[in-house]
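Topology and contacts: notes
These are the residues of each chain, in order.
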Number of protein chains: 2
Amino acid sequence: MERRLGTLLGQVARLMRRRFDQRAREIGITRPQWQVIYVLRRHEGIKQGELAEILEVEPITAGRMIDRMQDAGLVERRADPTDRRAWRLFLTERGQGLVGQLEPLSVEISDLALAGVSDAEQAQLFETLEKIRLNLSGKPIAPAHDED
Amino acid sequence: MERRLGTLLGQVARLMRRRFDQRAREIGITRPQWQVIYVLRRHEGIKQGELAEILEVEPITAGRMIDRMQDAGLVERRADPTDRRAWRLFLTERGQGLVGQLEPLSVEISDLALAGVSDAEQAQLFETLEKIRLNLSGKPIAPAHDED
DNA sequence: AAAACTTAGTAGGCTTGCTTATTATTGACC
DNA sequence: GGTCAATAATAAGCAAGCCTACTAAGTTTT
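In this report, we go over the structure that sits alongside the text. As the structure is a computational prediction, the values presented were derived from the model and not from experiment. (Residues numbered from 1 in each chain as written. Chains lettered and ligands numbered in written order. Predicted model: local features only at pLDDT ≥ 70, side-chain atom pairs only at ≥ 80, totals over all residues. Heavy atoms only, no water.)

**Digging into the packing of aromatic side chains**
All names here are of chain A. Stated precisely, the cut-off is as follows: In this scheme Phe, Tyr and Trp rings, the latter by its six-membered ring, pair at centre separations within 6.5 Å, and the angle between planes marks the pair as stacked below 30 degrees, edge-to-face above 60, and tilted otherwise. Numbered from the N terminus, helices here are DSSP runs of H or I no shorter than four residues, and strands are runs of E no shorter than two. For the exposure calls, accessible area comes from a 1.4 Å probe over protein chains only, and a residue counts as buried if that area is under 20% of its type's maximum, exposed if over 50%, partly exposed in between.
Summed over the entire model, instances satisfying the criterion amount to 2 aromatic pairs over all chains. Ring centres of Trp-34 and Tyr-38 lie 5.7 Å apart, and the angle between their planes is 65°; on these two criteria the pair is classed as edge-to-face. Of the two residues, Trp-34 and Tyr-38 both sit in helix H2 (residues 31-42), 4 residues apart, roughly one turn of that helix. Under the relative-accessibility criterion, Tyr-38 is labelled buried at 13%.

Rendered as structure tokens:
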């Protein structure tokens, strides 16, 4: 076996998303939307750009997702009182109500994925993935050099 | 930090794909397309369904990708002599020619991602991810029970 | 041989994600 | 105060991924 890192990661990520979406479809939600709810629950009133940064997606991606979630009555856009360009995001009651259903589903899928993986192995996995995430999140590809 | 496995995996996978695509765009190719080339290089003449199975995507996803790659002159569909429903897939010369450029790029992105990750840690990562992949690939969610 | 089932691929329609380009503000500088 | 640059969000357009539904061709059953 000489799998590539990107291929393997992509496959595993996709399989997890597929599992989640299959189960969550009856609730009428997708995994990325669940992630938005998850973030908004503890960051009430953030701006779209801040949401995008937390999710590490482009602002337009977050904006379109908010469009759909607003149509579905899951989130609410309120005008920012100090900046007329910006929106402040809030969960609706309906949005908050889903947490109770989605949290257990999320745990269930994780458990399925991690069956037979020891606690130590899990901890190691998270640590390594976090390291990789930081490697990829940073500035372009150029090596470090002081600010100017 | 109490990140979710799916979230973290999804983010890391997306960041890797984004890096690859940014660099490969000048060549006019995407990472999923590179994966198709990679598979076809050593599985000449497979059918679309077989390709889909290897990539673990749905047949329609593979079919649409082949549409685009055929338009781009990267792959060729040839009729299956024994089954008029099926296509056999082949790389064009142009498709084969890209391997030399994409292989190093692929390695480069992996190296960037794995900077500061020891060999042992990498081996562990691959092993754990493969375990997870198998957990997720299996039959539905139901427990095993004999064929009937 | 005819009917019924299975298999290979495609069509339509949706979400997520990106890039590039635009609009509307805000903030900084002269 | 007026211009100019930076920032928040959106628009258009594309790829990849999915689901459901369909067609056409093989295969099996009767």
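Picking up after the structure, the text goes on.
**So, the protein's contact with DNA strand D**
For clarity, the cut-off: Throughout this document, a residue counts as near a molecule or strand when at least one of its heavy atoms sits within 4 Å of that molecule or strand. Definition of a polar contact: a pair of N or O atoms within 3.5 Å, with one able to donate and the other able to accept a hydrogen when the atoms are protein atoms, and with sequence-neighbouring residues admitted only if both atoms are side-chain atoms. Under the convention adopted here, Pro, Cys and the residues Ala, Val, Leu, Ile, Met, Phe, Trp and Tyr are nonpolar, Asp, Glu, Lys and Arg are charged, and Gly plus all remaining residues are polar.
Inspection of the region around DNA strand D gives 28 residues, with A:Arg18, A:Gly49, A:Arg85, B:Thr30 and B:Arg68 positioned closest. Here a phosphate oxygen of DNA strand D and a side-chain polar atom of B:Thr61 are 3.1 Å apart. At 5 residues, helix H4 (residues 59-71) of chain B tops the list of elements feeding residues into the surface near DNA strand D. Of the residues that constitute the surface near DNA strand D, the class distribution is 7 nonpolar, 7 polar and 14 charged.

**Considerations on the packing of helix H2 (residues 31-42) of chain B against helix H3 (residues 48-55) of chain B**
Residue and element names in this part refer to chain B. Basically, it comes down to this: For every element, the axis is a line fit to its C-alpha atoms; helices are fit only across the contacting stretch, and the angle between N-to-C directions ranges from 0 to 180 degrees. In these notes the angle categories are as follows: under 35 degrees is roughly parallel, over 145 is roughly antiparallel, 65 to 115 is roughly perpendicular, and the rest is oblique. Rotating anticlockwise by less than a right angle from the far helix to the near helix defines a left-handed crossing, while the corresponding clockwise rotation defines a right-handed one. By definition, residues are in contact when any of their heavy atoms lie within 4.5 Å.
Packing of H2 against H3 leaves a shortest axis separation of 11 Å and a crossing angle of 115°. Comparing the axis directions of H2 and H3 gives the class roughly perpendicular. In the packing of H2 onto H3, the handedness of the crossing is right-handed. On the side of H2, the interface is formed by Gln-35, Val-36 and Val-39, while H3 contributes Leu-51, Ile-54 and Leu-55. Residue composition of the contact of H2 with H3, grouped by class: 5 nonpolar, 1 polar and no charged.

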